[in-house]
Amino acid sequence: VRISKEQDHILIIPRGLSFSEASASNLVKLNIVGEVVDQGATNLRVDPSGFSPHAAIYSTRPDVRCVIHIHTPATAAVSSMKCGILPISQEALLLGDVAYYNYQGSLDEQQERIQLQKVLGPSAKVLVLRNHGVMALGETVEEAFNYIFCAQHACEIQVHALAGAGGINNLLLLDLEKYKPLTFALAAGGGGGVNMEGQYKWKVGELEFESLMRMLDNLGYRTGYAYRQPLTREKPRHKSDVEIPATVTAFSFEDDQMMSRSPLKYLAQKQQREKTRWLNSPNTYLRVHVPEESMNGEMSPRTKIMWMKAEEFNKNSSGNPIKIEDPNQFVPLNTNPTDVLQKRNKIREQNRYDLTTAGPQSQVLAGIVVEKPPPMTHFEEDENAPPPPPNPFSQFIQEDKGENGTRGEGVPGNAAPPPPNTPVCCAQINPRTSYNTGRTSQNM
């Protein structure tokens, strides 16, 4: 692709990258003599023999801004046929005048370049390199792609037709002179030959190229292509038609006479004005790291991130200004400004006291009511309640008092075995009676 006619700067893919890896950043910028102007994002070099046909074409055709060269099996097969591209299909007729050159693998000699330029002429858009492949030329990327697209289809049709017919003598060849006025007007008119009246006139290949870009975008590829005209025209819609799912839309009022004096409408308009009011202030800020101040007034080694106005910040300091173009660039959509200020002050208080929290709570489940478990029931002793049942371990407790002197103190002694056929269970212990720790663990 030629990006500058004045300086003859050309972008080309370096040798070693597959076409699926090509991107704007890894293309190499060269001048017309093959000197590197910008290496790009890779350390790969450009093949001089592969660049020489492009340089020869750009130097003799100022109208050309894009050259596409392919040598697929179909195009390489047709380039090796003496008959060349036969006029047996619509795609072949759309190619117009096709030039042929006996390519020897490179154009290092000046005489070879001059010969290619003579063969190409001032108007041919398709060049067949014998035993090598096909090159397509265009004033735009869309036009060059349209010609290479038609050339690929014409070569595929010809290969299949020759394989099925068994030779050229069994094929029906179309008269080029008869169809030339129609096909040339169709190919050079743009818009697929059916440019309708409108504000925008399609150039050659643009209509077809945009359809392919829509196909890639619909498949999930992020092409980044800037469409020149929308696909569908605007149609009048009823106010009940749904364009965007209700889950992602904000509440808005329709133009209804009954709602013209509603206080809710005035409140919504006021909130919208408050959201965009701060955009009128200088809206270019810098992200800077400012040292924090400790509690005793000294400078702390820790830093915090702040946004400062670009004109207030030192121009010699590092940092890239970030322009605020959207009122919700740093705040979620439909957020109350008061909530934003409260959240900011809360975060500042946490940072000041060095509090560690789990962060902001998720609002996904904010509308779901969660039943909290009932609080623990605290029982209070009633003085009028009947006495508790007798404790079966009172005998052992009395013996422990006699041996140790005081209950719960001293070294525990040997406990007497429980009476026969009497299971010792935790449910038999009175929770109001305290026991010696060691004795109780042994009895349990």
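Residues numbered from 1 in each chain as written. Predicted model: local features only at pLDDT ≥ 70, side-chain atom pairs only at ≥ 80, totals over all residues. Heavy atoms only, no water.

The protein has the name Class II aldolase/adducin N-terminal domain-containing protein in an unreviewed UniProt entry, where Eleutherodactylus coqui is given as its organism. Its UniProt record, at the heading Sequence similarities (unreviewed entry), says of the protein: "Belongs to the aldolase class II family. Adducin subfamily." We quote the UniProt Subcellular location (unreviewed entry) comment for the protein here in full: "Cell membrane". (UniProt positions renumbered as here; feature names shortened; annotations may be inferred.)

1. Looking at the overall build of the protein
In terms of regular secondary structure, the protein is built from 11 helices and 11 strands. At a minimum sequence separation of 6, the contacts of the protein that also span at least 24 residues come to 56%. Put simply, the protein shows about 32,400 Å² of open surface, and 54% of that area lies on carbon and sulfur atoms. (Helix = DSSP H or I, 4+ residues; strand = E, 2+ residues; numbered from the N terminus. Contact = heavy atoms within 4.5 Å. Areas by Shrake-Rupley, 256 points an atom, 1.4 Å probe, with all protein chains shown as cover.)

2. Re the packing of helix H1 (residues 48-60) against helix H4 (residues 110-120)
The geometry of H1 relative to H4 is characterised by a closest axis approach of 10 Å and an angle of 55° between their N-to-C directions. Viewed along their axes, H1 and H4 adopt a mutual orientation that is oblique. Judged by the sense of rotation from one axis to the other, the crossing of H1 with H4 is right-handed. Two secondary-structure elements touch here, H1 through Ser52, Ala56, Ile57, Ser59 and Thr60 and H4 through Arg113, Leu116, Gln117 and Leu120. Residues that form the contact of H1 with H4 fall into these classes: 4 nonpolar, 4 polar and 1 charged. (Axes fitted to C-alpha atoms, helices over the stretch in contact; angles between N-to-C directions. Parallel < 35°, antiparallel > 145°, perpendicular 65-115°, else oblique. Left-handed = near helix turned anticlockwise from the far one by under 90°. Nonpolar A, V, L, I, M, F, W, Y, C, P; charged D, E, K, R; others polar.)

3. With respect to the packing of aromatic side chains
What describes a pair of aromatic rings is the distance from one ring centre to the other and the angle between the planes of the rings. Per the stated rule, a full pass over the model turns up 4 aromatic pairs. When the ring of Phe145 is compared with that of Phe209, the centres are 5.5 Å apart and the planes differ by 85°; the resulting orientation is edge-to-face. Residue Phe145 is found in helix H5 (residues 141-165), and its partner Phe209 is found in helix H7 (residues 206-218); the two are separated by 64 residues along the sequence. Each member of the aromatic cluster is reached from another via a ring pair, and the members are Phe145, Phe149, Phe209, Tyr225 and Tyr227. (Phe/Tyr/Trp six-rings, centres within 6.5 Å; stacked < 30°, edge-to-face > 60°.)

4. Considering the pairing of strand S8 (residues 133-138)
Burial runs high along S8: 6 of the 6 residues are buried. A two-sided burial pattern is seen for S8, the buried positions comprising Gly133, Met135 and Leu137 on one face and Val134, Ala136 and Gly138 on the other. In this sheet, S8 lies alongside strand S5 (residues 66-70) in antiparallel orientation, the contact comprising 5 bridges. Note on S8: the bridge partner recorded for Cys66 is Gly138. Two elements, strand S7 (residues 126-129) and S8, share 4 bridges in a ladder whose sense is antiparallel. Counterpart to Val128 in the pairing with S8 is Val134. Connecting the antiparallel pair S7 and S8 is a turn made up of 3 residues, with Asn131 showing a positive phi of about 60°. (Buried < 20%, exposed > 50% of the residue type's maximum accessible area, 1.4 Å probe, protein only. Pairing = 2+ DSSP bridges.)

5. Details of the nonpolar core
The nonpolar side chains of soluble globular proteins are, as a tendency, buried together. Of all hydrophobic cores here, the largest spans 23 residues; its most connected members are Phe51, Ile57, Val67, Tyr101, Leu116 and Leu127. Listed by contribution, the elements that provide at least two residues to this core are strand S2 (9-12), strand S3 (28-30), H1, strand S6 (98-101), H4, S7 and S8. With residues near it in sequence (within four places) discarded, Val67 still touches His54, Ile57, Tyr58, Met135, Ala136 and Leu137. Among the nonpolar cores identified, the runner-up in size contains 22 residues, and Val78, Val126, Ala136 and Leu171 belong to it. (Core = buried A, V, L, I, M, F, W, Y, C linked by side-chain atoms within 4.5 Å.)

6. What about unusual backbone geometry?
Residues apart from glycine generally show negative phi values, whereas peptide bonds are mostly found in trans. We note that Asp8 has phi near 55°; this positive angle belongs to a residue other than glycine. Within the secondary structure layout, Asp8 lies in the loop between strand S1 (2-4) and S2. What makes Asp8 partly exposed here is its relative accessible area of 23%.

7. Side note on the sheet that holds S5
Hydrogen bonds along the backbone pair up the strands of a sheet, which may run parallel or antiparallel. Spatial strand order, S5-S8-S7-S6: 4 strands in an open sheet with mixed pairing. Edge positions in the sheet fall to S5 and S6, since each has one partner strand and no second. Averaged over all pairs of adjacent strands, the angle between strand axes in this sheet comes to 20°, irrespective of strand direction. Each of S5, S7 and S8 is contacted by H1, which is oriented at about 150° to S5, the strand it contacts most. The strands that H5 touches are S5, S7 and S8; relative to S8, the one it contacts most, it runs at about 150°.

8. Things to note about the sheet that holds S3
Taken in spatial order, the 4 strands of this open sheet run S1-S2-S3-S4, and their pairing is antiparallel. Each of the sheet's edge strands pairs with one partner strand only, and the pair in question is S1 and strand S4 (36-38). Taking each pair of neighbouring strands and ignoring which way they run, the sheet shows an average axis angle of 40°. Here S1 pairs with S2 via 2 bridges, running antiparallel. Counterpart to Ser4 in the pairing with S2 is His9. Seen against the sheet, H1 touches S1, S2 and S3 and runs at an angle of roughly 145° to S2.

9. Focus on H5
When the terminal C-alpha atoms of H5 are compared, their 36 Å separation across 25 residues agrees well with the 36 Å that a helix rising 1.5 Å per residue should span. Just downstream of H5 lies Gly166, where phi reads positive at about 85°. (Expected span 1.5 Å × (residues − 1).)

10. Thoughts on the environment of Val128
Along the chain, the position of Val128 falls in strand S7. Note on Val128: relative accessible area 2%, which makes it buried. Sequence separation of Val128 and Gly84 is 44 residues, and the distance between their C-alpha atoms is 8.1 Å. The contact partners of Val128, leaving out residues within four places of it in the chain, are Ser79, Ile85, Val98, Ala99, Tyr100, Tyr101, Gly133 and Val134.

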